[in-house]
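Each chain, written out:
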Amino acid sequence: MITPEILTITILDILFFLFGSIGFVIAVKIVLFYDASATTHRQYTLEKQSYLSATIIKFLLLFKTLSFLFFIYTLNKLSNFLPGAMCAAGVVNALKIGTPLLLLKILNLYIFAFWIVLHNEDLEYEKQPYLKVKFLFYIFAYFLLLSEIVLELNYFYLLDSSSVVDCCGSIFSTTDGSYMAYLLSLDFSYQLGAFYLLFVVMVFFYLLKNRYLFALANLLFVIVSLITLISFFGTYIYELPTHHCPFCLLQSDYNYIGYFLYLFLFLGTFNGISLGLLAFEKERQKKKYISALIFNTLYLLCVSYFPLAYYIKNGMWL
Amino acid sequence: MIRLEGVTKEFDGGVIALSDINLELREGEVVVLKGVSGSGKSTILALIAGLSKPTQGRVIVDGKEVSKLPDHFCATFRRENVGIIFQRYNLIPDLSVSDNILLPLYPANMPKEILLERLEKELKAYHIEDKKDAVVKNLSGGQQQRVAIARANVNNPKIILADEPTANLDEKLSREFIEILKELKSQKRTIIVATHDPLFFELDFVDRFITIAHGKIVDDNT
Ligand SMILES: Nc1ncnc2c1ncn2[C@@H]1O[C@H](COP(=O)(O)OP(=O)(O)O)[C@@H](O)[C@H]1O
Ligand SMILES: [Mg+2]
């Protein structure tokens, strides 16, 4: 299927591939030959190249990260063309590779953003202590980038505007015997308990200043947040007990609230998780802790608002 | 204080400006780098200031390996350690004398009072108080030279590098400049002057004359 959006994504992917590959070649050279203590011609050349290529990689990954929003926007847009789709959920599920693609994209969002954070931290020190690590990490990220590009182009070009797809109502239904159905049929009070408890535990780990446990709590917080959003909070955003879709809330009918929720959740947990992966300089570490707490709190307040508001307005739960 | 170890500098296009230079300068020394145009004097100064990187070898200034310093740290290194007087002054013609002098300090985010205090001190030291709001392009060569010295000095650097400082000055102004150098020496600064001006060759307060030819040290007498 070809739409202006898919064409744009294709062109972007080609550019990502080209610049990503240039970065990859230099990254391999640096990982193999970089020797910070050497004062040879080759070493000075590598030092010069390392700065240039790291800058290329940084912008590449920055644009890649931002292009995620465009991807979501495209899915929403495509839902108008695919018969049966009401929102992006139907579009994602139109093909088998849709869900793996989306999950890979979310994973890459964290990986790529973390590369940028690692790079920025590296530049803060005269000795560039993470130089080799960041290029090694980029080599890993490059393969993820390639997989994403291949999967994405495959997905969009296999997408067929004439095939009838499911709407989110059936994908996120409680009765069709799928994994999702099982999840939704569970008593959500445990999930809710886990959600709020995890947040309290996260704050507790912050007070303990244990960055590893704090990061772990953040990792779990992403998962539990997504589960509770689908099983519980979403239904209050839609004010419909059977509407569990995590995509509809990206649409204008719900004031694009989804973008805010996901952004808060990403910024909060991304900062939280990166604390566990990297020993930041003290001041920056403090900032990361604070951003993680602020954005996770914003997320928690936002999702909690909907059931509370509903209860206050109607005097009962859904 | 300043050490060059096996330094070679080859420019793109294959010009070898310096080849295997070994040099050690002590703190507080006044050194004159002699040599005809194109011999490699400016290249040595640029390497010490962290304005360029060697092709091979290392440059160590005040214990710091400048040749290994990432570029974005070199600016800070210069701000904290080095004052540079260029041949063409490198002043910004459309800015005032005060702004030109304070330029090296602006990125450091110093409080305004300290900036003004430093400015006053330099204006006074080089007798340009009455010109402080004048636009640089309207000044005479000698006045511009003094602004350039004031600017090189405003960050209170341990090291002062001067590249052909008298090339555009008449003899009277050149001698004035030499007096200023003498004054800077008495402030215990390490000073390196790259020049082919014979006025410098007989000075008694110069500790060392180093002659460069074709990118090599051919003479070094104390
Ligand atoms: N940026 C440059 N690119 C190419 N060649 C250069 C560059 N700067 C200097 N050179 C060459 O390096 C040699 C030494 O130059 P330089 O250090 O400026 O000499 P000096 O200051 O003694 O006159 C000269 O041959 C000059 O042409
Ligand atoms: Mg020169």
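Everything numeric here is computed off the predicted structure, so don't read it as measured data.

How each quantity is defined
Per chain, residues are indexed from 1 in the order of the written sequence. For this description, chains carry letters from A and ligands carry numbers from 1, given in the order in which they are written. Two thresholds apply to this predicted model, a pLDDT of at least 70 for residue-level local features and 80 or more for giving and counting side-chain atom pairs, whereas whole-chain, interface and lining totals are computed over all residues. Per the convention used, a helix needs a DSSP run of H or I reaching at least four residues, while a strand needs a run of E reaching at least two, with both numbered from the N terminus. Restricting the calculation to C-alpha atoms gives the radius of gyration, and the globule rule supplies 2.2 Å times the number of residues raised to the power 0.38. Buried residues are those with 20 or more other C-beta atoms within 10 Å of their own C-beta, exposed residues have 12 or fewer, and partly exposed residues lie in between; C-beta atoms are placed from the backbone. Placing C-beta atoms from the backbone, we regard two residues as in contact once those atoms come within 7 Å. In this description, a nonpolar core means buried residues of the types Ala, Val, Leu, Ile, Met, Phe, Trp, Tyr and Cys, linked to one another by C-beta atoms lying within 7 Å. Domain borders in the structure are assigned automatically or taken from a domain database. Criterion used throughout: strands pair if DSSP finds at least two bridges between them. Lines fitted to C-alpha atoms define the axes here, with helix axes fitted over just the stretch in contact, and angles between the N-to-C directions of these axes take values from 0 to 180 degrees. A residue counts as near a molecule or strand when its C-beta atom, positioned from the backbone, falls within 6 Å of it. Side-chain classes follow a simple rule in which Ala, Val, Leu, Ile, Met, Phe, Trp, Tyr, Cys and Pro form the nonpolar group, Asp, Glu, Lys and Arg form the charged group, and the remainder, Gly included, forms the polar group. Multiplying 1.5 Å by the helix residue count minus one yields the expected span of that helix. Here the bend at a residue means the angle between the axes of two seven-residue stretches, the one that ends at it and the one that starts at it.

(A) The overall build of chain B, seen in detail. Per the secondary structure count, chain B includes 6 helices and 10 strands. On C-alpha atoms alone, chain B measures out to a radius of gyration of 17 Å, which is about the 17 Å that the 2.2 N^0.38 rule sets for 222 residues. Over its C-alpha atoms, taken along the principal directions, chain B stretches across nearly 45 × 40 × 35 Å. Within chain B, buried positions represent 41% of all 222 residues. For chain B, the share of sequence-separated contacts (at least 6 apart) that also reach a separation of at least 24 residues comes to 69%.

(B) Representation of the overall build of chain A within the structure. If you tally the helices and strands in chain A, you get 11 helices and 0 strands. In sequence order, chain A lays out its α and β elements as α-α-α-α-α-α-α-α-α-α-α. At 22 Å, chain A has a C-alpha radius of gyration in line with the 20 Å of a compact globule built from 318 residues. Projected onto its principal axes, the C-alpha coordinates of chain A cover approximately 75 × 55 × 30 Å. Within chain A, the proportion of its 318 residues that are buried is 34%. For chain A, long-range pairs separated by at least 24 residues make up 69% of all intrachain contacts whose partners lie at least 6 apart in sequence.

(C) Here's a closer look at the nonpolar core. C87, A88, A89, V91, C168 and F247 of chain A are the most contacted members of the largest nonpolar core, which totals 71 residues. The element contributing the most residues to this core is helix α9 (residues 211-238) of chain A, with 10 residues. A domain-level breakdown of this core finds at least three residues from each of domain 1 (4-158) and domain 2 (172-314) of chain A. Beyond its immediate sequence surroundings of up to four residues, C168 of chain A is in contact with M86, C87, A89, G90, C245, F247 and C248 of chain A. If you look at the next biggest cluster of nonpolar residues, it comprises 55 residues, including V7, I44, V136 and A194 of chain B.

(D) Structural detail: unusual backbone geometry. The phi angle at Y256 of chain A is positive, at roughly 55°, despite the residue not being glycine. Not every positive phi belongs to a glycine, and H214 of chain B is a case in point at roughly 50°. The residue H214 of chain B is located in the loop between β9 (208-213) and β10 (216-221) in this model. What makes H214 of chain B partly exposed here is the crowd of 14 C-beta atoms within 10 Å.

(E) Quick look at the sheet that holds strand β1 (residues 2-10) of chain B. Residues and elements named next belong to chain B. The sheet built from 4 strands is open, its strands ordered β2-β1-β4-β5 with antiparallel pairing. Taken across any chain shown, the strands that pair with only one partner, and hence form the sheet edges, are β2 (16-25) and β5 (64-65). By the bridge criterion, 6 bridges tie β1 to β2 in an arrangement that is antiparallel. Its bridge partner lying in β2, V7 is registered against I21.

(F) Examining the sheet that holds strand β6 (residues 82-85) of chain B more closely. Residues and elements named next belong to chain B. Pairing within the open sheet is mixed, and its 6 strands lie in the order β6-β7-β8-β3-β9-β10. Unpaired on one side and paired on the other, β6 and β10 mark the two borders of the sheet. Across the sheet, the axes of successive neighbouring strands diverge by a mean angle of 15°, strand direction being ignored. By the bridge criterion, 4 bridges tie strand β3 (residues 30-34) to β9 in an arrangement that is parallel. Looking across to β9, one finds that K34 is bridged to T211. Its contacts with the sheet put helix α5 (residues 141-153) on β6 and β7 (159-163), and the angle it makes with β6 is roughly 165°.

(G) Here's a closer look at the site of ligand 1. Close contacts around ligand 1 come from 13 residues, with F11, A17, K41, S42 and T43 of chain B the closest. For the shell around ligand 1, the residue count by class is 4 nonpolar, 8 polar and 1 charged.

(H) Representation of the domain arrangement of chain A within the structure. All names here are of chain A. Split into domains, chain A comes out as domain 1 (4-158) and domain 2 (172-314). Centre-to-centre, using C-alpha coordinates, domain 1 lies 25 Å away from domain 2. Every contact between the two is made by 13 residues of domain 1 and, on the other side, 14 residues of domain 2. Contributing elements (two or more residues each) for the side of domain 1 that touches domain 2: α2 (41-78), α3 (88-92) and α4 (98-123). Counting residues per element, the side of domain 1 that touches domain 2 draws most heavily on α4, at 7 residues. Here the side of domain 1 that touches domain 2 is composed, by residue class, of 10 nonpolar, 1 polar and 2 charged.

(I) Fine view of the interface of chain A and chain B. If you look at the interface, chain A gives 8 residues, while chain B gives 11 residues. Broken down by element, the residue count for the side of chain A that touches chain B peaks at 3 residues, all from α2 of chain A. Looking at the side of chain A that touches chain B, its residues break down into 3 nonpolar, 4 polar and 1 charged.

(J) Focus on α2 of chain A. With 38 residues, α2 of chain A extends 53 Å from end C-alpha to end C-alpha; this agrees with the ideal 56 Å at 1.5 Å per step. Where α2 of chain A bends most, the angle comes to about 25°, and this point is L66 of chain A.

(K) View of helix α1 (residues 41-48) of chain B. Residue and element names in this part refer to chain B. Judged by how many residues are buried, α1 sits mostly within the fold: 7 of 8 residues are covered. Listed in full, the buried residues belonging to α1 are K41, S42, T43, I44, L45, L47 and I48. Immediately downstream of α1, the backbone of G50 shows phi near 75°, a positive value.

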